[in-house]
Amino acid sequence: MNTLLEVSGVSVTFDGFRAINNLSFQIGDAELRAVIGPNGAGKTTFMDIVTGKTRPDEGRVIWGDKSQSLLKMNEAKIAQAGIGRKFQKPTVFEDQTVQENLLMALKKPRGWLSVLMYRANTADLEKTAALAQEIGLLEELSRKSGELSHGQKQWLEIGMLLAQEPRLLLVDEPAAGMTPQEREHTTDLLLEAAKTRAVVVVEHDMEFVRRLNCKVTVLHEGSVLAEGSLDHVTSNQNVIDVYLGR
Amino acid sequence: MQRSFIAKNPSVLIFLACLALFTLIVTVLSEGFGVGVISTSFVKTLGKTLCLCLVAVAMDLIWGFTGILSLGHFAFFGLGGYMIGMWLMYERTRLIVVESLSQTEIPATSSEIIDGIGNQIFGVVGSSDFPLIWAFSDSLVLQLAMVVLVPGLLALVFGWFAFRSRVTGVYLSILTQAMTLALALYLFQNDSGLRGNNGLSGLQNLPGVTASQDEVSLWFLWASALALGLGYLLAAWVVSGKLGSVILGIRDNEARVRFLGYSVETYKLVVFTFTACIAAIAGALYYPQAGIINPAEIAPIASIYLAVWVAIGGRGRLYGAVIGAAFVSLLSTWFTGGQAPDIPLGFYTVKWVDWWLVLLGLSFVVVTLFAPKGMGGLVDLLTQRKSPNRHGADLGPDDGALREQEASQ
């Protein structure tokens, strides 16, 4: 398996606090990975670094077949390169319809002039309908996304991620605030997505991680504590001490 | 398939129809071409109001849609006025100078004419040489291009620095205030080349036009109405498409738009510059009707008024901005023009000339707190459009553990 993203020796300090400490992380082309860890372990900061929101003090972040460094690119460029991100809180554009949200995310030229002249054609509308079907929001296409329930918003955001056709999906707590049935649907969406692309899921909920049935990386105090199958890491004494034991 | 642009935005058609009807009625009632019920000075007031509506549309684009509270758009408005004013003043002075020099026995050379014009225009600030910025003032075409180019370039450079360093929110508002203040202070200087605090005057007299002001005022009213109509149409078209989606997204969650792969800074810069150009065109139509422009016009308070109009009219909908600008500026003219009757309270007499600003300030606060949709929100009441029906509200204690659907049965 080719390495899609390689993070090596990355450190970040905020006002003297070392949020990320010599972190190294790799993920392959079509891989599903769960990242767990206690609060303050640096999970979100890790995503911030990969998506360009935070610049690390040292270390390298190498992306893709051409081994580009992501550190010199801004957020928009990184997103265009094929990294999609879902936030912890569902952030959809509430004042716009589900369809407008999806159309905005569709993989299309991002320059202002082509966006200005863009008018949705039939193929694009069909594509959004297919996506809406997949995330279970076909009926809601013309509704304002602010009207959706919490779980539906989470799905819409996942749908927007899929519309971007990224090669790497970074998903922050996708199951937060969902009912058990909704969680199941979310699991299916992520498993399906991971067949064709790399997916990194940050999650607190162990049950959810167990259902994903994938390799797990445990973060603690900004670096990797353990890595392997869920059973492997949960039997690791260090992991039990800092995380599970409490 | 997709419906047409007008079908999706019926408000555009209604707006254009109202604007056309308004223009027609004013023309019929005017002194210039109609029965003379409306005085020429009031026609000018209405024409100026249309220009203010146009700059309010620009303000709504940048504030209501993109979420950037720019408190500097009157700087662009004023600059547009200055640019057209330069040509008007140069050309009219030239005609006068040529006229007076033609009395002399020896025909005047062109350099004598130019010196004469320079003396006439800059004598008031103790100079007679043309500053560099007047280089194109002898050409209407070039000066018309400057109306858009100079404010556009200023907006581009200012916006590039401001947005690139990710200045947002109230800090950006302060920065734009600083920009318009700095520009006003610069123009107040006599050696700024634009006649200091005297400003440019006599702009209502079009060079070479012999028609009376009764007619000229109507020409400008028509031109202003046309500009407002076209500006409104263009703005409505821009926000109806995907660009509209993106800038609304920037307003609501800038970071999310960035992670979708859109370069937020570029979009902000484009909208900022575009609205600056619209503001400049509005200014170029406004000041020939006002007759005079001086640096006080671009004082910081002017841009704040603009924000107040848009807030009272209703942000985030184009007709709201137009209604707000028209209503508040006309009301302001009425109150400050001494036409509003004083209110004697016995111990104190409320003079509206003094108290109007207090009233305006209060209504701004009231609208912001209690009717954030502004006057445009009244349209929602008429069309019975409702805010998103958000489900999942708390049920009363009587409903126990029922879900919403069960409880309503």
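Rules used throughout
Residues numbered from 1 in each chain as written. Chains lettered and ligands numbered in written order. Predicted model: local features only at pLDDT ≥ 70, side-chain atom pairs only at ≥ 80, totals over all residues. Heavy atoms only, no water. Helix = DSSP H or I, 4+ residues; strand = E, 2+ residues; numbered from the N terminus. Buried < 20%, exposed > 50% of the residue type's maximum accessible area, 1.4 Å probe, protein only. Contact = heavy atoms within 4.5 Å. Areas by Shrake-Rupley, 256 points an atom, 1.4 Å probe, with all protein chains shown as cover. Rg over C-alpha atoms; globule rule 2.2 N^0.38 Å. Buried area = accessible area lost by both parts, 1.4 Å probe. Salt bridge = Lys/Arg side-chain N within 4 Å of Asp/Glu carboxyl O. Patch = residues over 30% accessible without salt bridge, like charges linked within 9 Å, V, L, I, M, F, W, Y side chains within 5 Å. Axes fitted to C-alpha atoms, helices over the stretch in contact; angles between N-to-C directions. Parallel < 35°, antiparallel > 145°, perpendicular 65-115°, else oblique. Left-handed = near helix turned anticlockwise from the far one by under 90°. Nonpolar A, V, L, I, M, F, W, Y, C, P; charged D, E, K, R; others polar. Pairing = 2+ DSSP bridges. Core = buried A, V, L, I, M, F, W, Y, C linked by side-chain atoms within 4.5 Å. Expected span 1.5 Å × (residues − 1).

Moving on: the overall build of chain B. A count of helical and extended segments in chain B gives 16 helices and four strands. With the principal axes as the frame, chain B shows a C-alpha extent of 105 × 55 × 55 Å. Taking all 409 residues of chain B together, 46% fall into the buried category. Counted over contacts in chain B with a minimum sequence separation of 6, partners at least 24 positions apart contribute 73%. Accessible area for chain B stands at about 19600 Å²; split by element, carbon and sulfur atoms hold 65% of it.

So, about the overall build of chain A. When helices and strands are counted, chain A shows ten helices and ten strands. Taking 2.2 N^0.38 as the reference for a compact globule, 246 residues should give roughly 18 Å; the C-alpha atoms of chain A span a radius of gyration of 18 Å, in line with that estimate. Across its three principal axes, chain A shows a C-alpha extent of roughly 55 × 40 × 35 Å. Every one of the 246 residues in chain A was classed for burial, and the buried ones make up 55%.

Let's shift gears to the interface of chain B and chain A. Taken together, the contact between chain B and chain A spans 31 residues of the former and 36 residues of the latter. Sorting the residues of chain B by area buried against chain A places B:Lys242, B:Arg256 and B:Phe259 first, and these three jointly supply 27% of that buried surface. Summed over the shared surface of chain B and chain A, the number is three salt bridges. In this structure, the salt-bridge partner of B:Arg256 is A:Glu157, at a minimum N-O distance of 3.2 Å.

It is worth spelling out a nonpolar patch on the surface at this point. Residue and element names in this part refer to chain B. Together, Ile343, Leu345, Phe347, Tyr348, Trp355, Val358 and Leu362 make up an exposed nonpolar region whose accessible area comes to about 700 Å². Per element, the largest residue contribution to the nonpolar patch is three residues, and it comes from helix α14 (residues 352–370). Looking at where Leu345 falls in the secondary structure, it is placed in the loop between β3 (343–344) and β4 (349–350).

Let us now look at the packing of helix α13 (residues 318–336) of chain B against α14(B). All names here are of chain B. Running from N to C, α13 and α14 cross one another at 150 degrees; their axes reach a closest spacing of 8 Å. Judged by the angle between their axes, α13 and α14 are roughly antiparallel. Handedness of the crossing formed by α13 with α14: right-handed. When α13 is examined against α14, the residues Val328, Leu331, Ser332, Phe335 and Thr336 are found in contact with a partner set consisting of Trp352, Val353, Trp356, Leu359 and Leu360. Residues belonging to the contact of α13 with α14 are distributed by class as follows: eight nonpolar, two polar and no charged.

What follows covers the pairing of strand β3 (residues 32–36) of chain A. All names here are of chain A. Counting buried positions over the five residues of β3 gives five, a clear majority of the element. Here β3 shows a buried face lined by Leu32, Ala34 and Ile36 and a second buried face lined by Arg33 and Val35. Here four bridges tie β3 to strand β8 (residues 198–202), and the two strands are oriented parallel to one another. Bridging across to β8, Ala34 finds its partner in Val201.

Membership of the largest hydrophobic core comes to 104 residues, with the highest contact counts inside it found for B:Phe74, B:Phe77, B:Trp134, B:Leu200, B:Leu228, B:Tyr232 and B:Leu318. Non-local contacts of B:Leu228, meaning those with residues more than four positions away in its chain, are made with B:Phe15, B:Leu19, B:Leu50, B:Cys53, B:Leu54, B:Val57 and B:Val322. Counting residues in each nonpolar core, the second largest holds 60 residues, with A:Leu189, A:Val209, A:Ala226 and B:Ile250 among its members.

By secondary structure assignment, the location of B:Leu95 is in helix α4 (residues 73–101). Judged by relative accessible area, which is 34%, B:Leu95 ranks as partly exposed.

Moving on: unusual backbone geometry. Residue and element names in this part refer to chain A. The phi torsion at Glu173 lies on the positive side, around 45 degrees, for a residue other than glycine. Position of Glu173 among the secondary structure elements: in the loop between β7 (168–172) and α7 (180–193). With a phi close to 55 degrees, Asn213 is a non-glycine residue in the positive phi region. With respect to the helices and strands, the residue Asn213 is situated in the loop between α8 (206–212) and β9 (215–220). Judged by its relative accessible area of 66%, Asn213 falls in the exposed class.

As a further point, take the sheet that holds β7(A). All names here are of chain A. The six strands lie next to each other as β6-β7-β8-β3-β9-β10, forming an open sheet whose pairing is mixed. The open sheet has two free edges, formed respectively by β6 (83–86) and β10 (223–228), since each of these has just one partner strand. Direction aside, the axes of adjacent strands within the sheet are offset by 20 degrees on average. Contacts between helix α1 (residues 43–51) and the sheet are confined to β3, β6, β7, β8 and β9, with β7 contributing the most and set at about 150 degrees to the helix. Each of β3, β7 and β8 is contacted by α7, which is oriented at about 145 degrees to β8, the strand it contacts most.

What follows deals with the sheet that holds strand β1 (residues 3–14) of chain A. Working definition: the strands of a sheet are paired by backbone hydrogen bonds and lie parallel or antiparallel to each other. Residues and elements named next belong to chain A. Within the open sheet, the four strands sit side by side as β2-β1-β4-β5. Their pairing is antiparallel. The two strands at the open ends of the sheet, each matched to only one other strand, are β2 (17–28) and β5 (68–69). Two elements, β1 and strand β4 (residues 58–63), share five bridges in a ladder whose sense is antiparallel. Bridging across to β4, Glu6 finds its partner in Ile62.

Next up on the list: the packing of helix α6 (residues 140–164) of chain B against helix α7 (residues 169–188) of chain B. All names here are of chain B. Running from N to C, α6 and α7 cross one another at 145 degrees; their axes reach a closest spacing of 12 Å. By crossing handedness, the relation of α6 to α7 is classed as right-handed. The residues of α7 that touch α6, namely those facing Leu154, Phe158, Ala162 and Phe163, are Leu172, Leu175, Thr176, Met179 and Leu183.

For α13(B), built from 19 residues, the straight-helix expectation of 27 Å at 1.5 Å per residue is met to within 8% by its first-to-last C-alpha distance of 27 Å. For α13(B), the set of buried residues is B:Leu318, B:Tyr319, B:Gly320, B:Ala321, B:Val322, B:Gly324, B:Ala325, B:Val328, B:Ser329 and B:Phe335.

Attention shifts here to the environment of A:Glu173. Residue and element names in this part refer to chain A. Take Glu173: its relative accessible area is 9%, and that puts it in the buried class. Spatially, the C-alpha atom of Glu173 lies 8.5 Å from that of Asp205, the residues being 32 residues apart in sequence. Beyond its immediate stretch of four places on either side in the chain, Glu173 contacts Lys86, Gln88, Gln154, Val202, Glu203 and His204.

Note that every value here comes from positions in space, so none of it alone points to a role or purpose.
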